[in-house]
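Below are the chains, spelled out letter by letter.
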Amino acid sequence: MLKLRFVAGLLALAAASGPLPLQAQGSIDSLLDSAIAGPHRSAANKARDAYRRPKETLLFLGIKPGMTVAEIWPDSGWFAEILAPALRDSGRYVAAQYPIEHATTSAGRRAARQAFDAKLRANPAVYDKVVVSDLAAPDRLAMVPPGTADMVLSFRSVHVWAFRGHDDVMFKAAFDAQKPGGILGVEDHRAPEGTPKQKQVDSGYMSESYVIAAAEKAGFRLDARSEINANPRDTRDYGKGVWALPPSFAYGEQDRAKYMAIGESDRMTLRFVKP
């Protein structure tokens, strides 16, 4: 039943590529405020707002009522908890998730996808209009029908694409998904300029120049960059890379207080436009 609803949702997206009517939808500020404060969000996820700055990030990227917004690999759904209710009656939210069965889907990602699907089923008042599609390189790249998304979002995914050698393919998939004038929002852990490619991949920190070049190669134009998610306390020199920091805490209890004091990573926040 769930899979049928997802397929039906994609067909509806193909049939209705224009924006939804905006009457009585409220401002995007109020929609985001309501979603962020919603009781459906866990205390642990709300505690991360101080690091992830969801409202400021989404407003910078240009989210508006009526948009069709596709999020690449929502994982357990941290941003989905905000995007789904904010767009429920004032747009469309598409979760381009890991396929359950695919050569690139690890056991951990399969479990995350299953947990995400269970989250949607458990709270239809929030998630009943979410459309879920499969997205994986190199062969499942249609996150939405081509040319129908107003915005595509990638939160902390580019370093994974680079690790797998799929960054060109994934940026092209985002480009193909969008209408002309569509927005690509990218947030990722930020490496110092000049960091060798292999060190970027190994550490999870990518340089802004690398990400910008990859997006521009796919056809996007850089529109703006923001320091909303900058963290000057992040020295980016940990043996286990970005995963030493919260929320991963790769070292467990070892030096946990030190990493907690640093907080989540220093991150670039970039807005691109499809010409």
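These remarks concern the structure in this document. Computed from a prediction, not measured in an experiment: that's the story for all the values here.

**Some points on the overall build of the chain**
Turning to step 1, where the next piece is worked out: Summing up its helical and strand segments, the chain has 13 helices and eight strands in all.
Turning to step 2, where the next piece is worked out: Taking 275 residues into account, the globule formula puts the C-alpha radius of gyration at 19 Å, and the chain, at 18 Å, falls close to it.
Turning to step 3, where the next piece is worked out: For the C-alpha atoms alone, the extent of the chain along its principal axes is close to 50 × 40 × 35 Å.
Turning to step 4, where the next piece is worked out: In the chain, which comprises 275 residues, the share counted as buried stands at 55%.

**Focus on the packing of helix α2 (residues 28–36) against helix α5 (residues 54–61)**
Turning to step 1, where the next piece is worked out: For the pair α2 and α5, the least separation of the axes is 10 Å and the interaxial angle reads 150°. One element, α2, and the other, α5, form an angle in the roughly antiparallel class. The two elements α2 and α5 cross, and the hand of that crossing is right-handed. Here Ile-28, Asp-29, Leu-32, Asp-33 and Ile-36 of α2 lie close against α5, whose contacting residues are Pro-54, Lys-55, Leu-58 and Leu-59.
Turning to step 2, where the next piece is worked out: Along the lines of polarity and charge, the residues of the contact of α2 with α5 split into six nonpolar, no polar and three charged.

**Here we look at the pairing of strand β4 (residues 149–155)**
Turning to step 1, where the next piece is worked out: Buried residues dominate β4, accounting for seven of its seven residues.
Turning to step 2, where the next piece is worked out: Bridging between strand β1 (residues 68–72) and β4 involves four bridges; their strand directions are parallel. Bridge pairing in β4 places Ile-72 opposite Ser-154.
Turning to step 3, where the next piece is worked out: The sheet contact formed by β4 and strand β5 (residues 178–191) spans six bridges and is parallel. Each residue of the ladder has a partner; that of Leu-153, found in β5, is Gly-185.

**Quick look at the packing of helix α10 (residues 167–177) against helix α12 (residues 208–218)**
Turning to step 1, where the next piece is worked out: For the pair α10 and α12, interaxial distance at closest approach is 8 Å and the crossing angle is 55°. Between α10 and α12, the interaxial angle falls into the category oblique. Here α10 runs over α12; the crossing is right-handed. Facing Asp-167, Asp-168, Phe-171, Lys-172 and Phe-175 of α10, the residues of α12 in contact are Tyr-210, Val-211, Ala-214, Ala-215, Lys-217 and Ala-218.
Turning to step 2, where the next piece is worked out: Of the residues in the contact of α10 with α12, the class split is seven nonpolar, no polar and four charged.

**Some details on the packing of aromatic side chains**
Turning to step 1, where the next piece is worked out: Scanning the entire structure with this criterion turns up eight aromatic pairs.
Turning to step 2, where the next piece is worked out: Pairing Phe-175 with Phe-220 gives two aromatic rings, centres 5.2 Å apart and planes at 80°, and the pair type is edge-to-face. A residue pair is termed long-range when its members are at least 10 positions apart, and Phe-175 in helix α10 and Phe-220 in the loop between α12 and β7 (221–226) qualify at 45 residues. You'll find Phe-175 and Phe-220 in the same group, each marked buried.
Turning to step 3, where the next piece is worked out: Ring geometry for Tyr-238 and Tyr-259: centres 5.7 Å apart, planes at 90°, overall edge-to-face. Of this pair, Tyr-238 sits in the loop between β7 and α13 (256–262) while Tyr-259 is found in helix α13, placing the two residues 21 residues apart along the sequence.
Turning to step 4, where the next piece is worked out: An aromatic cluster is defined as three or more aromatic residues linked by ring pairs; in this entry it consists of Trp-78, Phe-79 and Phe-155.
Turning to step 5, where the next piece is worked out: Of note, Arg-41 hangs over the ring of Trp-78, and the distance from its end group to the ring centre comes to 5.2 Å.
Turning to step 6, where the next piece is worked out: Just above the ring of Phe-175 sits the side chain of Lys-274; from NZ or CZ to the centre is 4.6 Å.

**Examining the environment of Gly-204**
Turning to step 1, where the next piece is worked out: Along the chain, Gly-204 falls in the loop between α11 (197–203) and β6 (206–207).
Turning to step 2, where the next piece is worked out: Placed 16 residues apart in sequence, Gly-204 and Asp-188 show a C-alpha to C-alpha distance of 8.7 Å.
Turning to step 3, where the next piece is worked out: If near-sequence neighbours (up to four positions away) are discounted, Gly-204 is found in contact with His-159, Asp-188, His-189, Val-242 and Trp-243.

**Examining the pattern of salt bridges**
Turning to step 1, where the next piece is worked out: Within the structure shown, the criterion is met by 26 salt bridges.
Turning to step 2, where the next piece is worked out: Between Lys-179 and Asp-150 there is a salt bridge, with its nearest N and O atoms 3.1 Å apart. Of the two residues, Lys-179 is situated in strand β5 and Asp-150 in strand β4; the sequence distance between them amounts to 29 residues. Assigned by exposure class, Lys-179 and Asp-150 land together as buried.
Turning to step 3, where the next piece is worked out: What you see here is one network of salt bridges that share partners, running through Arg-190, Glu-208, Arg-225, Glu-227, Arg-236 and Asp-266.

**Focus on unusual backbone geometry**
Turning to step 1, where the next piece is worked out: Here the amide bond leading from Ala-137 into Pro-138 is cis, since omega sits at 5°, within 30 degrees of zero.
Turning to step 2, where the next piece is worked out: Within the element layout of this structure, Pro-138 appears in the loop between β3 (131–134) and β4.
Turning to step 3, where the next piece is worked out: Cis geometry marks the peptide bond from Pro-246 to Pro-247, where omega comes out at 10°.
Turning to step 4, where the next piece is worked out: Counting through the fold element by element, Pro-247 comes out in the loop between β7 and α13.
Turning to step 5, where the next piece is worked out: We note that Arg-53 has phi near 45°; this positive angle belongs to a residue other than glycine.
Turning to step 6, where the next piece is worked out: Inspection of the secondary structure assignment puts Arg-53 in the loop between α4 (49–52) and α5.

Analysis parameters
- Residues numbered from 1 in each chain as written.
- Predicted model: local features only at pLDDT ≥ 70, side-chain atom pairs only at ≥ 80, totals over all residues.
- Heavy atoms only, no water.
- Helix = DSSP H or I, 4+ residues; strand = E, 2+ residues; numbered from the N terminus.
- Rg over C-alpha atoms; globule rule 2.2 N^0.38 Å.
- Buried < 20%, exposed > 50% of the residue type's maximum accessible area, 1.4 Å probe, protein only.
- Axes fitted to C-alpha atoms, helices over the stretch in contact; angles between N-to-C directions.
- Parallel < 35°, antiparallel > 145°, perpendicular 65-115°, else oblique.
- Left-handed = near helix turned anticlockwise from the far one by under 90°.
- Contact = heavy atoms within 4.5 Å.
- Nonpolar A, V, L, I, M, F, W, Y, C, P; charged D, E, K, R; others polar.
- Pairing = 2+ DSSP bridges.
- Phe/Tyr/Trp six-rings, centres within 6.5 Å; stacked < 30°, edge-to-face > 60°.
- Lys NZ or Arg CZ within 6 Å of the ring centre and 35° of its normal.
- Salt bridge = Lys/Arg side-chain N within 4 Å of Asp/Glu carboxyl O.

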